[in-house]
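# Chain and residue survey
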Amino acid sequence: APPSPSSLPSSLPPPKVLVQQLLFTNASFPYCHVCSIVENDDGSLVAVFQAGPYEDSPQSSIWTTRKLPNAQDWSPPVIALSLKGVCSMNPSLYQNEAGVTFLTFHYGGNPDGSCNTDRWKGAYIKSLDGGLTWQNTSITYLPTGYLGGIKNKCIKLSNDAVLCPSSTESTVDTLIEFWQAHVETTNDNFTTWNTSNEIQFNYANDRFCVYYGTIQPTLTEIEPGHVLSLQRTGCGVIAQSHSYDYGRTFESPARPTSLPNPNAGIDSVLMRGQKDIGVLLAYNNSPTVRTPLSIAHSVDGGKTWEHLLDLETNTTMRFMYPAVIQSKRDPRAAHVCYTHVANRNTMAYAKLEFQN
């Protein structure tokens, strides 16, 4: 079996953790999950997450909080979107060249308004002021069959196309689940949509993986037209697939990597202009449990990975579903947000900075 990334020390010094904090400590909701984050040109940060009584509740809504450049703490969370009796979840943020921030999400599926991964649909709202306010009465519903970003962020490619990482989850006889990742192509204004082939995954580490497959891909453009997709699986490993035509088609089935995955969300980012860093990956460095929450990197397009540091290590807690972006103001810094589970769920944030 290939070595785990924790056995591969990095030649790159680990980044400094400049900030590590909870986004909030007291909230009106008992449950929250799935963070996404963007940085505005002025250095302010915007984070969104789903919150409500429980994960797929009809009362689950999308909440948001902001952090100003010199602020110590995040603002009190407020609702960015509520469908009033219809579940909304899996928020994902994308900011275009004009500064418009898109918040994609998934909603409904069941007659009672709760979310159903087999039947939910995709939509988005926009902010024109860097996430300060949201046009939540002007919801754009995506064409049938399109979902937008599933948890992870959409990315802009060198040919100006925008790729959104997506996936489907089908259930047969309430017992057997079939997961398949795919990628949706749009433009900088989210007005036209196309989809790639489905990315299947069948086998890893001597295990047959038809039961789960892959979902929630994360995307990076390694070089013009070459897109790396890393995917969550139910088989104890992260899977990967490549596209060489700007995300129109991907290799299928995907192949297992040396990176473990405890059936949990991951995220990655290409640190543009930083060849010694390459692709950063936030993930759980375990095949079975959602701790530790770790950072690895690859400088060869995902062929090999080196472990950099563990952000969270408490084995009595869970840290999961990270989102990671490159800082606009400091290209050698990265922002990470993630679900933090102790006695109850909250959200956490860390800022990492690499030495020059």
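Each chain has its residues counted from 1, following the order in which its sequence is written. A pLDDT threshold of at least 70 governs which residues receive local features in this predicted model, and a stricter bar of 80 or more applies before side-chain atom pairs are shown or counted, although totals over entire chains, interfaces and linings include all residues. The side-chain figures draw on all heavy atoms in the structure; neither hydrogens nor water molecules are used.

### Structural notes on the sheet that holds strand β4 (residues 61–67)
If DSSP finds at least two bridges between two strands, the strands pair. Numbering of helices and strands runs from the N terminus; a helix is a DSSP stretch of H or I covering at least four residues, while a strand is a stretch of E covering at least two. Spatially, the 4 strands line up as an open sheet ordered β2-β3-β4-β5, and their pairing is antiparallel. Two strands lie at the open edges of the sheet, namely β2 (31–39) and β5 (78–81), each paired on one side alone. On average, each strand axis in the sheet is inclined to that of its neighbour by 35 degrees, with strand direction left out of account. To obtain each axis, a line is fitted to C-alpha atoms, and for helices this fit is confined to the stretch in contact; angles are then taken between N-to-C directions over 0 to 180 degrees.

### Considering the side chain of His-335
Assignment of secondary structure puts His-335 in strand β25 (residues 333–341). Partly exposed describes any residue whose relative accessible area lies between the buried limit of under 20% and the exposed limit of over 50%, with all areas from a 1.4 Å probe on protein chains only and scaled to the type maximum. Under the relative-accessibility criterion, His-335 is labelled buried at 3%. Whenever a nitrogen or oxygen atom comes within 3.5 Å of another N or O atom, the pair is scored as a polar contact, on the condition that within protein one atom can donate a hydrogen and the other can accept it, and that pairs from neighbouring residues in sequence are kept only if both atoms are in side chains. Engagement of the side chain of His-335 in a polar contact is seen with the side chain of Glu-39, the distance being 3.4 Å. We call two residues in contact whenever any of their non-hydrogen atoms come within 4.5 Å of each other. Not counting chain neighbours up to four residues away, the residues in contact with His-335 comprise Ile-37, Glu-39, Leu-45, Ala-323, Val-324, Ile-325, Ser-327, Tyr-349, Ala-350 and Lys-351.

### What to know about the nonpolar core
A general feature of soluble globular proteins is that nonpolar side chains tend to end up buried together. The biggest cluster of nonpolar side chains holds 21 residues, and the ones touching the most others in it are Leu-280, Ile-295, Leu-308, Leu-311 and Tyr-338. Membership of the second largest hydrophobic core comes to 17 residues, among which are Phe-24, Ile-37, Leu-45 and Ala-323. Buried residues of nine kinds, namely Ala, Val, Leu, Ile, Met, Phe, Trp, Tyr and Cys, make up a nonpolar core once their side-chain atoms join them within 4.5 Å.

### Let's talk about unusual backbone geometry
Excluding glycine, most residues fall at negative phi; most peptide bonds, likewise, are trans. Following Ser-252, the chain continues to Pro-253 via a peptide bond in cis, the omega torsion being 5 degrees. Here Pro-253 is to be found in the loop between β18 (237–243) and β19 (255–260). The peptide bond linking Thr-291 to Pro-292 adopts the cis configuration, its omega dihedral lying at 0 degrees. Within the fold, Pro-292 resides in the loop between β21 (279–284) and β22 (293–298). Although it is not a glycine, Asp-160 adopts a positive phi angle of roughly 75 degrees. Despite not being glycine, Gln-216 shows a phi value in the positive range, around 50 degrees. Inspection of the secondary structure puts Gln-216 in strand β16 (residues 214–223).

### A closer look at the sheet that holds strand β24 (residues 318–326)
Ordered in space as β1-β26-β25-β24, the 4 strands form an open sheet in which the pairing is antiparallel. Two strands in the sheet have a free side with no partner beyond their single neighbour: β1 (16–22) and β24. With direction set aside, neighbouring strand axes in the sheet form an average angle of 20 degrees. Note that β25 and strand β26 (residues 345–353) share 9 bridges and pair antiparallel. Bridge pairing links Val-336 to Ala-350 in β26.

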